[in-house]
Amino acid sequence: MISTGFPYAVAGLMFAGFAAWSLAKRRWPNGLMWALLALSFLGGDRIGDVGNGVLVLALVAVATIGVRGAAPSIVTPERKAALAALYRNRLFVPALAVPAITIGGTFLFKGFPSLFDPKQATLVALTVAALIGLGLAAWLFRARPAEPLGEGVRLMDSIGWAAVLPQMLAALGAIFAAAGLGETIGGMLGGVIPAGSLIVAVIVYVGGMALLTMAMGNAFAAFPVMTGAVGLPLLIHGHHGNPAAVAAMGMLAGFCGTLLTPMAANFNIVPVGLLGLSDRYAVIRAQAPSAILLWIANLVILYMLAFR
Amino acid sequence: MIALAGLAVILIGFLLRLQPLLVVAVAAAVTGLGAGMGPLEILAAFGKAFNTNRYVTVVYVVLPLIGLLERNGLQERARALVAGMRGLSLGRLLAGYMLLRQLSAGLGLVSIAGHPQTVRPLVAPMAEAAADPEGTMAEPEREKVRALAAATDNIALFFGEDVFIAIGSILLMKGFLEQYGLMIEPLALSMWAIPTAICASVIHGTRVMLWKPKPSARAELVDGRSFSSADEKDGRSTGSGRAGGEGAA
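Rules of the game
- Residues numbered from 1 in each chain as written.
- Chains lettered and ligands numbered in written order.
- Predicted model: local features only at pLDDT ≥ 70, side-chain atom pairs only at ≥ 80, totals over all residues.
- Heavy atoms only, no water.
- Contact = heavy atoms within 4.5 Å.
- Buried area = accessible area lost by both parts, 1.4 Å probe.
- Salt bridge = Lys/Arg side-chain N within 4 Å of Asp/Glu carboxyl O.
- Core = buried A, V, L, I, M, F, W, Y, C linked by side-chain atoms within 4.5 Å.
- Buried < 20%, exposed > 50% of the residue type's maximum accessible area, 1.4 Å probe, protein only.
- Axes fitted to C-alpha atoms, helices over the stretch in contact; angles between N-to-C directions.
- Helix = DSSP H or I, 4+ residues; strand = E, 2+ residues; numbered from the N terminus.
- Parallel < 35°, antiparallel > 145°, perpendicular 65-115°, else oblique.
- Left-handed = near helix turned anticlockwise from the far one by under 90°.
- Lys, Arg positive; Asp, Glu negative; His and termini not counted.
- Phe/Tyr/Trp six-rings, centres within 6.5 Å; stacked < 30°, edge-to-face > 60°.

Draft legend 1. Seen up close, the interface of chain B and chain A. Contacts between the two partners involve 113 residues from chain B, matched on the other side by 133 residues from chain A. Summed over both sides, the interface between chain B and chain A buries roughly 11,400 Å², with carbon and sulfur atoms accounting for 76% of that surface. Interface area lost by chain B to chain A is led by F50(B), R71(B) and W192(B), which between them contribute 8%. Linking chain B to chain A there are four salt bridges.

Draft legend 2. Expanded view of the nonpolar core. Membership of the largest hydrophobic core comes to 175 residues, with the highest contact counts inside it found for M33(A), M168(A), L172(A) and F159(B). Those residues within four positions of F159(B) in sequence are excluded, and the remaining contacts are L252(A), F255(A), C256(A), L259(A), L294(A), Q102(B), T196(B), A197(B) and A200(B).

Draft legend 3. Geometry of the packing of helix α12 (residues 243-258) of chain A against helix α9 (residues 168-179) of chain B. The geometry of α12(A) relative to α9(B) is characterised by a closest axis approach of 11 Å and an angle of 135 degrees between their N-to-C directions. Between α12(A) and α9(B), the angle is such that the two are oblique. α9(B) is crossed by α12(A), and the crossing has right-handed handedness. Along its contact with α12(A), which presents P243(A), A247(A), A248(A), M251(A) and F255(A), the element α9(B) presents S169(B), L172(B), M173(B) and L177(B).

Draft legend 4. Up close: the environment of G135(B). Here G135(B) shows up in the loop between α7 (115-131) and α8 (139-161). Along the primary structure G135(B) and R54(B) are separated by 81 residues, whereas in three dimensions their C-alpha atoms are 40 Å apart.

Draft legend 5. Here's a closer look at the side chain of K80(A). With respect to the secondary-structure elements, K80(A) resides in helix α4 (residues 77-87). E76(B) provides the closest opposite charge to the buried, unpaired K80(A), separated from it by 5.0 Å. What K80(A) contacts, discounting residues up to four positions off in sequence, is S73(A), V75(A), E70(B), R71(B), N72(B), G73(B) and E76(B).

Draft legend 6. The arrangement of the packing of helix α9 (residues 181-190) of chain A against helix α11 (residues 219-238) of chain A in detail. Residues and elements named next belong to chain A. Contact geometry for α9 and α11: axes closest at 9 Å, N-to-C directions at 30 degrees. When the interaxial angle is binned, α9 and α11 end up roughly parallel. As α9 runs across α11, the sense of the crossing is right-handed. From α9, G182, E183, G186, L189 and G190 reach across to α11, where they touch V225, M226, A229 and V230.

Draft legend 7. Highlighting the environment of I269(A). Residues and elements named next belong to chain A. Counting through the fold element by element, I269 comes out in the loop between α13 (265-268) and α14 (270-274). In the structure, I269 is positioned 123 residues away from A146 in sequence and 29 Å away in space, judged by C-alpha atoms. Ignoring sequence-local partners within four residues, the contact set of I269 consists of W161, A162, L165, P262, A264, R280 and Y281.

Draft legend 8. View of the packing of aromatic side chains. With the rule as written, the count across this model stands at 11 aromatic pairs over all chains. A centroid spacing of 5.6 Å and a plane angle of 75 degrees characterise the contact between F223(A) and F176(B), whose relative ring orientation is edge-to-face. Taken together, the positions of F223(A) in helix α11 and F176(B) in helix α9 put the pair across two chains. You'll find F223(A) and F176(B) in the same group, each marked buried.

Taken by themselves, the reported measurements are silent on function.
So this is what it looks like as structure tokens:
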């Protein structure tokens, strides 16, 4: 059955190619980082838990020594503008093929659960879409194999260590869970609410969801803690709130927290490198006013509509 | 209380802008030791979790394609397309993108767009062209336009996807409440996500419509009080933050 094996193999081979390219250009730290990721994708299931832990330590060491930023493009802006005028809207075809094939493939693969793992259908479809799009673009531009590799390395280098951060934070979440961090915070927050006060309970619930999500980087990790500590006992059972409203508003308040934390790295830190922003928290700054206003809106909607 | 030490490490590390991977590794070690785990036990637990979460890093398989398209002028074409549409302001462009992204996410099509696939090659250059048709804007302002494009994608995604009944967060809520004997229809949960989704369109849509570049782009002293003034957390010292370009970009 086709599951994560296929996307992981493609990603592993791509990172191996990035590593070879970087080492050939004598960009040692970058080459080492992409080589370690290639090893993780191609051999992660064979080197054991401690082996993976050592691999992580090696990644941390390389990142701390410092990976280099992207090399400047060898294609001049004038040349790119000329090519843009030549290919015009054909440039969008491979770019738009990726979402189209991802969606189509996801539905298609879910229809054959004996061939494809339905849980991984999107991941498999995305990988297939990237490969088909690349083939299409290579044919359209008559590209030599070195071109997508070299350009891919440039983009990967512009993300740099941030590419590994989401996976590191997901692993940290597992350690937090093992240490019972969520329950500790949930218990502390649950203890500050005066008996009988609905508005304080609502504020602690949606505030706790946002803060805990900021701390853990993920509303999914915060939801069971805050709903178990405050949402269920006080809002649903104590004040007879609508359970669907309490749950949904709590989760959405958590999403407001996701917009405000560097711990949600794939949303808030990765684009900083991808877009060449010099302030590491530029995306969070751009989101903050909307996130805070939305959190207040959530609080008001929950308080006004869920308890009648 | 000792379980919170790891959290303190994260907070201090991110505030001081230390190398984030190192901060995360130290936080994991501190948290694990605080919970009574041995060093080898922590290393194994972290390595195991790192390995099972590899799927979050797979999305970069689109990069060779995006790079090849950019080499052949994708960003320039995206800019030219926007420049050819008179009257397409930054606000209208981003509000339109927000609506499309929210609606498609609400139908469950969450992986249709994203930062590597669409924001970097398409939305960000289009936003720059719409905000600055003459190409005279200073780089700090251009960066804010690109950051706003990324922010718009995130906000539209988060407050669109929860309207779809088969998304992970809805299933998590349903499953969690079921453990406590509360049977809830996924449809009820997704209906309750609609008011906030509308608020998100209105609030963020208004912000992008009202967004204007600063007239004098290098007024350092008033920097913290302008567009990004709503970040209450550190209204004191924003101006100097962007000077340090440590290997991040």
